[in-house]
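Structure assessment
Residue strings, one per chain:
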Amino acid sequence: MTDRFALQDVSDGTAYNVPCNTSALQYCGGTWRGIIDHLDYIQGMGFDAIWISPPFSNVEGQTPMGEAYHGYWPQNLTALNSHFGTAKDLKNLSNSLHARGMYLMLDIVVNHMVSPLPFNATAVQLAMNNSTTPIKNTTSVYPFTDLSDFHSLCWITDYSNQTEVEQCWLGNENMPWADVDTENPEVIGTLNDWIADVIGDFGVDGLRLSTVKFVSRDFWDTFTTQAGIFTLGEVYSIDVDYTSPYTSVMSAVLDYPTWFELVPAFTSPGGNFDALKGIVQQSQSAYSSGAFMTGSFLENHDQPRFGSLTSDPALRANAIVWPFIHDGIPTLYYGQEQGLSGGQTPNNHEALWHTRYDPEHALYMMVIALNQARKAAITSEKYFLTTSMQFLEANSPNTLVVSKPPLLALLTNIGSQQTSFVRWNVTHPVFKSRQQLVDVLTCRTFLAGDNGGVSIQSDEGMPKVLMPVTSLEGTNLCLQSVDVGRSRRSIRSAVSWTAVLASMVVLAVANFT
């Protein structure tokens, strides 16, 4: 979230004290220049791309729902949001990313527009119903200045009626979101030309598509083809069968069906791992590219942060591992790596500068280790990205074992209670007989059993991510485990679970590889 990630041009430390009251629903001052100043922080975690808030001009001033600091109430698609910076700033952000071998993904909204003027919904309805000719220049939104560019006013009341979902309006009488008529050929042409210009002008590498299910799949098929770059769609649904058709009209979708099972699976020892396994297997079968072309996530700007649902550090650590051993694209919501724990919107829109971008935070270091392990897996196993994750039996309650060779994730939802422990007894021949393994989160070494399985006890309910020591050769991860004979030391290679326990009890970024 651009407004909450970083302030610009403040190098004397005072920026860390700039207040940001999330409940005020106002701009707090984050900018594109602030992001540029903190690209080392993002790249230091091992990410290849950033996904930023919609950059276009939004409705200004106080509305019944607060200010549009998040970027999702577009008023003028032909201008940029001046709160975030200038066109030069956005181009500089793109260029700075590309110079690092990183990518820029813009969030965009085409489903609706929000007028900067008082919008009399009843008057709009009467005008639409009584006019037989286009009503010109009456909306104060751009580039769609005519009421004929929008669907007739009706409110969405039945989300099981897809026609109503696509052609009626979000919002309410106090703040209606005018629903763009994306079946209108002129509107389609305008949007196709617009996105081509945006991509060319700002060197955009990917698009995150907002409110996807509120626009027809036929539109998305044409629009994404015109864009010609990577597209990631937000299809907010718990249903794999509902989500699946959208995977044929865009590059990837956010993995919401899995998220709906992921969160409850790890928030308590009573979580249902069978439901989580079932939804993953269903998505692997139903989506056009399996689960490979999904955005795998634990937190985002629309949902309560995981830390607001449980204060148990072991449960959080296990859940954070998930996106990195999933088939899809690991996607991290800013602040997750610093242990932010805001609940429902807007409390989950905290200012990151209050954390001082701590590179020694245990979760920041954990993300480094997970990203390095995933990149090492890609390098050492040529089919890693196209090999589906599998679930193996651990022969113990409260355990989940995910195999994605050469990675083996041992997860649990037992929690961090001192009186409880679990043991993963994996008899499946995952590794070679007696092969030396390393837990990339702690850099502790283990030995596979004679049959290639493992039998390992959890430490205070914490996860383990194992891979062969040989898979880490040539990396900076767990160097002492790879080459003990040379007494080489690893920097930031191991996560201290003591630090995790201490710190947690008391932008979105993505990895395209």
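Above this text sits the structure in question.
A brief look at the structure comes next. Values in this document were obtained by computation on a predicted structure and should not be read as measured data.

Time to look at the sheet that holds strand β7 (residues 176-179). Strand order across the open sheet formed by three strands is β5-β7-β6, with antiparallel pairing between neighbours. Both outer strands of the open sheet, β5 (112-113) and β6 (170-171), are each paired with one neighbouring strand and no more. Where β5 meets β7, two bridges bridge the pair, whose relative direction is antiparallel. Across the sheet, residue H112 finds its bridge partner in β7, namely D179.

So, about helix α12 (residues 313-325). Between the first and last C-alpha of α12 there are 19 Å, a value that for 13 residues agrees with the 18 Å anticipated at 1.5 Å per step. Burial analysis of α12 places 13 of its 13 residues in the buried class, the great majority of the element. Put simply, D312 is the residue that caps the front of α12, since its side-chain oxygen is 2.8 Å from the backbone nitrogen of A314.

So, about the layout of surface pockets. Of the volumes computed, that of the largest pocket is approximately 650 Å³. Lining of the largest pocket is provided by 25 residues; of these, Y72, W73, W177, T211 and D302 occupy positions nearest its centre. Split into classes, the residues belonging to the lining of the largest pocket amount to 12 nonpolar, nine polar and four charged.

Enumeration over the complete set of coordinates arrives at three disulfides. At a sulfur-sulfur separation of 2.0 Å, the disulfide partner of C154 is C168. Its S-S torsion of about -95° marks the bond between C154 and C168 as left-handed, since a negative value means left-handed. In this pair, C154 sits in the loop between α5 (121-130) and α6 (162-167) while C168 sits in the loop between α6 and β6, placing the two residues 14 residues apart along the sequence. The disulfide partner of C443 is C478, and the gap between their sulfur atoms is 2.0 Å.

Let's shift gears to the pairing of strand β8 (residues 206-209). A regular strand places its side chains on the two faces of the sheet in alternate fashion. Of the two faces of β8, the one carrying G206 and R208 and the one carrying L207 and L209 are both buried. Here four bridges tie strand β4 (residues 103-108) to β8, and the two strands are oriented parallel to one another. By the bridge assignment, D107 is partnered in β8 with R208. Direction of pairing for β8 relative to strand β9 (residues 230-233): parallel, over a ladder of four bridges. Within β9, the residue paired with L209 across the bridge is G233. Between the parallel pair β8 and β9, the chain is carried across by helix α8 (residues 217-227), and the sense of this crossover is right-handed.

For the rest of this paragraph, the subject is the packing of aromatic side chains. Counted by the stated rule, this structure contains 26 aromatic pairs. With 5.2 Å between their ring centres and 55° between their planes, F56 and W194 make a pair best called tilted. With F56 in strand β2 (residues 56-58) and W194 in helix α7 (residues 185-202), this pair connects stretches of sequence that are 138 residues apart. Accessibility classification places F56 together with W194 in one group, the buried group. Where W220 meets F223, the ring centres are 5.9 Å apart and the plane angle is 80°; that geometry is what we call edge-to-face. Of this pair, W220 and F223 both sit in helix α8, three residues apart, which is roughly one turn of that helix. The pair W220 / F223 is uniform in exposure class, with both members buried. Note that R305 overlies the ring of Y334, its terminal NZ or CZ placed 5.2 Å from the centroid.

Our next topic: the pattern of salt bridges. Using the criterion set out here, one finds 12 salt bridges in the structure. Its salt-bridge partner being D40, residue R100 comes within 2.7 Å of it at the nearest N-O pair. Of this pair, R100 sits in the loop between α4 (87-99) and β4 while D40 sits in helix α3 (residues 39-44), placing them 60 residues apart in sequence. Given a relative accessible area of 29%, R100 falls into the partly exposed group. For the salt bridge of E234 with R208, the shortest nitrogen-to-oxygen distance reads 3.8 Å. Highlighted residues: E234 in the loop between β9 and α9 (240-243) and R208 in strand β8, separated in sequence by 26 residues.

So, how was this worked out
- Residues numbered from 1 in each chain as written.
- Predicted model: local features only at pLDDT ≥ 70, side-chain atom pairs only at ≥ 80, totals over all residues.
- Heavy atoms only, no water.
- Pairing = 2+ DSSP bridges.
- Helix = DSSP H or I, 4+ residues; strand = E, 2+ residues; numbered from the N terminus.
- Expected span 1.5 Å × (residues − 1).
- Buried < 20%, exposed > 50% of the residue type's maximum accessible area, 1.4 Å probe, protein only.
- Polar contact = N/O pair within 3.5 Å; in protein donor to acceptor, adjacent residues only side chain to side chain.
- 1 Å grid on protein atoms, 1.4 Å probe; cavity = no way out; pocket = protein on both sides within 12 Å on 5 of 7 lines; lining within 4 Å.
- Points joined across faces, edges and corners; volume = space filled by probe spheres on them.
- Nonpolar A, V, L, I, M, F, W, Y, C, P; charged D, E, K, R; others polar.
- Disulfide = S-S within 2.5 Å.
- Right-handed = clockwise from strand over helix to strand, strands pointing away.
- Phe/Tyr/Trp six-rings, centres within 6.5 Å; stacked < 30°, edge-to-face > 60°.
- Lys NZ or Arg CZ within 6 Å of the ring centre and 35° of its normal.
- Salt bridge = Lys/Arg side-chain N within 4 Å of Asp/Glu carboxyl O.

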